[in-house]
Amino acid sequence: MRFRLAPTVEQDTLLRDFCGQARFVWNLALEQWRLWQPGKHAPGYAELNRQLTEARVAEPWLAAGSVIVQQQALRDFDQAKRNFFGGTHRRPTWRKRDRDEGFRVVALHEDHLRRLNHRWGSVFVPKVGWVKFRQSRDVPAGVKSYRVTRDAAGRWHLAFAHIPPPLDGPGTGEVIGLDRGVAVSVMTSEGEAFRAPTIGEKMAERLVRLQRRLARALRGSNRRRRIKCAIAKIKARETDRRKDWVEQTSTNLARRYDVLKVEALNIAGMTRSARGTVESPGRKVAQKAGLNRAILAQGWGLFLSRLEHKANGRVRRVDAKYTSQKCSACGHVAAESRESQTRFCCVACGFSLNADHNAAINIAGGQPVTAWGALGTLSRAVNREPQLRPLSEVA
């Protein structure tokens, strides 16, 4: 649950210092972890806390900040290591100024929140005081922590750690298939189309002009900093529009249907660069880069994740193989049936329909993916580790 934060000029300076201190502590912990070698003991969270206490005594800049913010930076780094070794996340990386700006505060009490009026509220930040935020809705009771972040456009945000409950379906058992594309962001099996918003032609032209000016600007100059801020504001506007569209579309579909079937797409593989290597350079690199930008602008991954959060347990991932080449009327599969990006005409029965609509109907009737390489409940994935079998069965 995120809100816009509105600090004063003095509070903005203190919050920037807190972000720098949290980033400094994170990078120090990462540097120690990167020096670890097999056979040696890497410092854990408790040891890093003891080192933090010594650093606060030696460095007045750290002592001036909040110890809660700095300890939580170490806690976040410890969790990042656990996620990496658990195989769910990538290796922790360095945090950079103007890109990774934020910190976390725990032990939030009810008296740390105030409702000023119907539009504004305030939150107590240690060693900063009461900071106003745009309270567009009530803060749920029982929240214990929050995170303060600053984006590249210079906007401050306040996010409370709260997981909203999933939405309830209509209870009719209705199944819907969802096809994600570039021309049409989401097409349902009932023929309803949803398109992600864009920044518009004029704003896109201005973005190109700013990017060209940025390429000519001197690194470290004030002019380059102003251009980067202008570019960040345009991209932030595009991101905000896409996120708002994702939230409204996912909520709409989660409330209208009981079972939602979506293609199991490897988005990271689909948007991988075609640059290649020096020995084996890629072909049509610029065209592939344009396609990658068009795919990422549709918000496929965010749409699926938010849909799974809101329709928890009601989303089924279907194998995407041949969904765009299969006729939804007779079941014939042929690449020639896909005449264009928008038109599908079966070469066997002559059935004609919008290509995205036809693919969505095939997805609605597809079997859910139970493992990579296995479909349905009766088939068995072959990409598994070898299983030990009794000697009696082998003989």
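Residues numbered from 1 in each chain as written. Predicted model: local features only at pLDDT ≥ 70, side-chain atom pairs only at ≥ 80, totals over all residues. Heavy atoms only, no water.

> Account for helix α5 (residues 201-216), with residues named and values stated.
When the terminal C-alpha atoms of α5 are compared, their 23 Å separation across 16 residues agrees well with the 22 Å that a helix rising 1.5 Å per residue should span. Residues Leu-207, Leu-210 and Leu-214 constitute the buried set of α5. Buried positions in α5, seen along its axis, are confined to an arc of 65° and lie on one side of it. Looking at α5, the residues exposed on the side facing more than 90 degrees away from the buried face are Glu-201, Lys-202, Arg-212, Ala-215 and Arg-216. Packed against the buried residues of α5 are α6 (222-256). (Helix = DSSP H or I, 4+ residues; strand = E, 2+ residues; numbered from the N terminus. Expected span 1.5 Å × (residues − 1). Buried < 20%, exposed > 50% of the residue type's maximum accessible area, 1.4 Å probe, protein only. Arc of directions from axis to C-beta. Contact = heavy atoms within 4.5 Å.)

> Now, about the pairing of strand β7 (residues 156-160): what can you tell me, with residues and values included?
Of all 5 residues in β7, 4 are buried; the element is thus mostly enclosed. In this structure, strand β1 (residues 2-6) lies alongside β7, joined through 4 bridges in antiparallel fashion. When the sheet's bridge partners are listed, Leu-5 is paired in β7 with Trp-156. Inspection of the sheet shows strand β6 (residues 146-150) paired to β7 by 5 bridges, in the antiparallel sense. Bridged to Thr-149 within β7 is His-157. (Pairing = 2+ DSSP bridges.)

> So what's going on with the environment of Leu-253? Which residues, and what values?
Structurally, the position occupied by Leu-253 is in helix α6. Distance from Leu-253 to Cys-346, taken between C-alpha atoms, is 29 Å for residues 93 residues apart in sequence. The contact partners of Leu-253, leaving out residues within four places of it in the chain, are Leu-178, Thr-188, Phe-194, Leu-260, Phe-303 and Leu-307.

> Can you break down the sheet that holds β1 residue by residue, with the values?
With antiparallel pairing, the 7 strands of this open sheet are ordered in space as β2-β6-β7-β1-β5-β4-β3. The sheet is open, and its two edges are formed by β2 (101-105) and β3 (113-115), each paired on a single side. The average angle at which neighbouring strand axes cross in this sheet is 30°, direction not considered. Sheet contacts for helix α1 (residues 9-34): β1, β2, β4 (120-125), β5 (129-134), β6 and β7; angle to β2, the most-contacted strand, approximately 85°. Along the sheet face, helix α4 (residues 67-86) touches β2 and β6 and points at about 100° away from the line of β2. (Axes fitted to C-alpha atoms, helices over the stretch in contact; angles between N-to-C directions.)

> Go over the side chain of Lys-81 with me, naming the residues and quoting the values.
Counting through the fold element by element, Lys-81 comes out in helix α4. It turns out Lys-81 is buried and unbridged, and the closest side chain with the opposite charge, Asp-78, is 4.3 Å from it. Residues contacting Lys-81, with those up to four places away along its chain left out, are Trp-33, Pro-43 and Pro-92. (Lys, Arg positive; Asp, Glu negative; His and termini not counted. Salt bridge = Lys/Arg side-chain N within 4 Å of Asp/Glu carboxyl O.)

> Go over the nonpolar core with me, naming the residues and quoting the values.
Ranked by size, the top nonpolar core spans 35 residues in total, and within it Leu-5, Phe-103, Val-125, Tyr-146, Leu-158 and Phe-160 carry the most contacts. With 9 residues, α1 is the single largest residue contributor to this core. Apart from residues no more than four positions distant in its own chain, Val-125 is found in contact with Leu-15, Phe-18, Phe-103, Val-131 and Tyr-146. Judged by nonpolar contacts, the second largest core, of 17 residues, contains Val-186, Ala-196, Phe-303 and Ala-311. (Core = buried A, V, L, I, M, F, W, Y, C linked by side-chain atoms within 4.5 Å.)

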